[in-house]
Amino acid sequence: MNSLIVASNRVPSPDKGSGSQGGLAVGVMNALSRTDGLWLGWNGNTEEAPSRVIDHYDFDGVRFATFPMSIEEHRLFYIGYSNEVLWPLFHYRPDMIEYNREKERGYLAVNQLFADNIRTVVNEDSRIWIHDYQLMAVGHLLRQSGVEAPLGFFLHTPFPPWDLLRILPEYENLLHYMSAYDTIGFQTDLDLYNFRDCMKRGIGAEVEEDGTLVVDGRRSRADVYPISIDIETAREMAEQGEHSPTGQRLKRSLNNRPLMIGTDRLDYSKGLYKRFQAYERLLERFEERRGNVIYIQISPSSRTDVEEYAALRTTLERVTGHVNGRFAEYDWMPLRYLNRGYDRASIMGFLRQSRVALITPLRDGMNLVAKEFIAAQDPEDPGVLVLSHLAGASRELADGALLCNPFDIDGVAEVMERALSMPLEERRARWQSMMTVLRNNDIHQWSESFLAALDHNAGRRRDGQQQ
Ligand code: F6P
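The rules behind each value
- Counting restarts for each chain: residues are numbered from 1 in the order of the written sequence.
- The model is predicted, so local features are restricted to residues of pLDDT at least 70 and side-chain atom pairs to those at 80 or more, both for listing and for counting; the totals for chains, interfaces and linings are taken over all residues.
- Hydrogens and water molecules were not included; the side-chain quantities draw on all heavy atoms of the structure.
- UniProt positions are given in the numbering used here, feature names are shortened, and annotations may be inferred rather than shown by experiment.
- Pairing of aromatic rings covers Phe, Tyr and Trp, the last through its six-membered ring, and needs centres within 6.5 Å; plane angles under 30 degrees mean stacked, over 60 mean edge-to-face, and all others mean tilted.
- Helix and strand assignments come from DSSP, with helices taken as H or I runs of at least 4 residues and strands as E runs of at least 2, each series counted from the N terminus.
- The buried label applies to any residue whose accessible area, calculated with a 1.4 Å probe on protein chains only, is under 20% of its type's maximum; exposed applies above 50%, and partly exposed to all values in between.
- By definition, being over a ring means that NZ of Lys or CZ of Arg is both within 6 Å of the ring centre and within 35 degrees of the ring normal.
- Only when DSSP finds a minimum of two bridges between them are two strands counted as paired.
- Helix axes use the C-alpha atoms of the stretch in contact, all axes being lines fitted to C-alpha atoms, and the angles between their N-to-C directions lie in the range 0 to 180 degrees.
- A contact between two residues is defined here by any heavy atoms of the two lying within 4.5 Å.
- Lining residues are those with an atom within 4 Å of a point, where the points come from a 1 Å grid over the protein atoms alone and group into cavities, where a 1.4 Å probe fits but cannot get out, or pockets, open sets with protein on both sides within 12 Å along at least five of seven lines.
- Grid points are joined across faces, edges and corners, and a volume is the space filled by probe spheres set on the points.
- Each residue gets one of three labels, nonpolar for Ala, Val, Leu, Ile, Met, Phe, Trp, Tyr, Cys and Pro, charged for Asp, Glu, Lys and Arg, and polar for the others, Gly among them.

Within an unreviewed UniProt entry, the label attached to the protein chain reads Trehalose 6-phosphate synthase, and the organism entered is Kushneria sinocarnis. Turning to the protein chain, the UniProt annotation filed under Sequence similarities (unreviewed entry) states: "Belongs to the glycosyltransferase 20 family."

Put into structure tokens, the structure is as follows:
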């Protein structure tokens, strides 16, 4: 029996670090391992003419159903529409959109493939939970083919404001697809606000007093469910990671210098170039930091088929060389830039040993590394979170983190210095306040509250249909 069917484009890969697989895989894996569920998605492979057979297997207590994509599907749906159109649009980068109609058709075709595959595993008890911008049309396609199961959708990225969304030629279709879901979840109140506004202006949706959206007589409910982490698992991994041979090797290499860390997929939305510039400004303006801090940036390559990503990689290599060439000493290298991933335990151990985490995206749906960093800390000697106010996580963590504007290079450099020199007592107080937030909304609460809302809203729809 598949009581919960989750579908996302990518499913987790066992050996990847948290920085490389993105928040979706980490968050959903945690949620699903507690439920009787099945996770359906792309197996990560492309073939000239793939067989349409679904591969079923168990991993880490979760059942998976995966399938390959054709090279053409991958080009149009994944590289094209998902990553060259929707991703930049949803991250407020219209200048990076590379649109054409063929990509949109490819997007719909692969969404149809997902819908068809879901239909092979669905039964009358199933609830279906679709994830992220790659699969927005799946719910609509399922309904078209007669599936009546409760349908939920969660967007892990930001949702753009109306004036950006309407850059997309088929924005009306996209909004209609969204209206097929019983429950739609967003990371922050701002995303929810944008979505409701777009639904009203874009396709004339009615918004009832309790927030229910009505489109062509169909009702759906959108709300905020900030994704979170499994605190205990993160804490245990961090402790083990710190004491592992890798963790100890890192410690020796630091030679008692405070560590600042960043761990992000190599993506222009993460603000890495500006972060490197801010670090250079720190070393320029606060001379006593020279020789007395180490910044490690772990950024495995991502979406390498998209031009902007390859260009960013070249830029980061250049800036790393520049910063190290300018400030390094024969016994100190200021910036260690690692264009590779590590297993999760090592990353968690690195986070625990860091005095400061640099999480300075130019735009981010949530950013779970921010939450993992908090959970990883030693309560006696916790580190400081430097967090962009443009990351979804800043809505919950504003009291404990040091917020910054990632576009303000001098401002970020000053916040870095403040974080590095923060007294222990203040570090503890800030960390405590962030831990309280995490304890009040961990990954289990996230999935439980979303699924409870899904049951409720689907129940209302069915009651309405019977009347
Ligand atoms: O969290 C956003 C997201 O796009 C996920 O949907 C995705 O799994 C992750 O980032 C990594 O991106 P990609 O699957 O393109 O490598």
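Scanning all chains against the criterion turns up 24 aromatic pairs. Considering the side-chain rings of Trp42 and Tyr78, the 5.5 Å spacing of their centres and the 45° angle between planes classify their relative orientation as tilted. Here the residue Trp42 occupies a position in strand 2 (residues 37-47), and Tyr78 occupies one in helix 2 (residues 71-90), the gap between them amounting to 36 residues. Residue Trp42 is classed as buried on the basis of its relative accessible area, which comes to 4%. Relative to Phe114, the ring of Phe67 has its centre 5.0 Å away and its plane inclined at 70°; by these criteria the two rings are edge-to-face. Here Phe67 is found in strand 4 (residues 62-70), whereas its partner Phe114 is found in helix 3 (residues 101-119), with 47 residues between them in sequence. With respect to burial, Phe67 and Phe114 carry one shared label: buried. By the ring-pair criterion, three or more aromatic residues cluster together here, those being Trp129, Phe154, Tyr225, Trp446 and Phe450. Across the ring face of Tyr342, the terminal group of Arg340 is positioned such that the distance to the ring centre comes to 3.8 Å.

With respect to topology, six strands assemble into an open sheet ordered 13-12-11-14-15-16, the strand pairing being parallel. The open sheet has two free edges, formed respectively by strand 13 (335-338) and strand 16 (402-404), since each of these has just one partner strand. Ignoring strand direction, the axes of neighbouring strands in this sheet form an average angle of 20°. Relative to strand 12 (residues 294-298), strand 11 (residues 259-263) runs parallel, the two sharing five bridges. Note that in strand 12 the partner of Gly262 across the bridge is Gln297. Packing against the sheet, helix 9 (residues 245-254) makes contact with strand 11, strand 12 and strand 13, and its axis sits at approximately 145° to strand 12.

This paragraph deals with the sheet that holds strand 2. As summarised here, the arrangement of the ten strands in space is 3-4-2-1-5-6-7-10-9-8, forming an open sheet in which the pairing is mixed. Edge positions in the sheet fall to strand 3 (55-59) and strand 8 (206-207), since each of these pairs with one other strand and no more. Inspection of the sheet shows strand 1 (residues 4-10) paired to strand 2 by five bridges, in the parallel sense. Directly across from Val6, in strand 2, lies its bridge partner Trp39. Packing of helix 2 onto the sheet brings it into contact with strand 1, strand 2 and strand 4, and relative to strand 4 it is tilted by some 100°.

Moving on to empty space enclosed by the protein. Taken as a whole, this structure holds two cavities of 30 Å³ or more when the rule is applied. There is about 30 Å³ of room inside the second largest cavity. In terms of lining residues, the second largest cavity is bounded by Gly383, Val384, Leu385, Gly400, Met422, Arg427, Arg430, Trp431 and Met434. Among the elements of the structure, strand 15 (384-388) and helix 16 (424-440) are those that each provide at least two residues to the lining of the second largest cavity. No other element matches the four residues that helix 16 contributes to the lining of the second largest cavity. Across the lining of the second largest cavity, the residue classes tally to five nonpolar, two polar and two charged.

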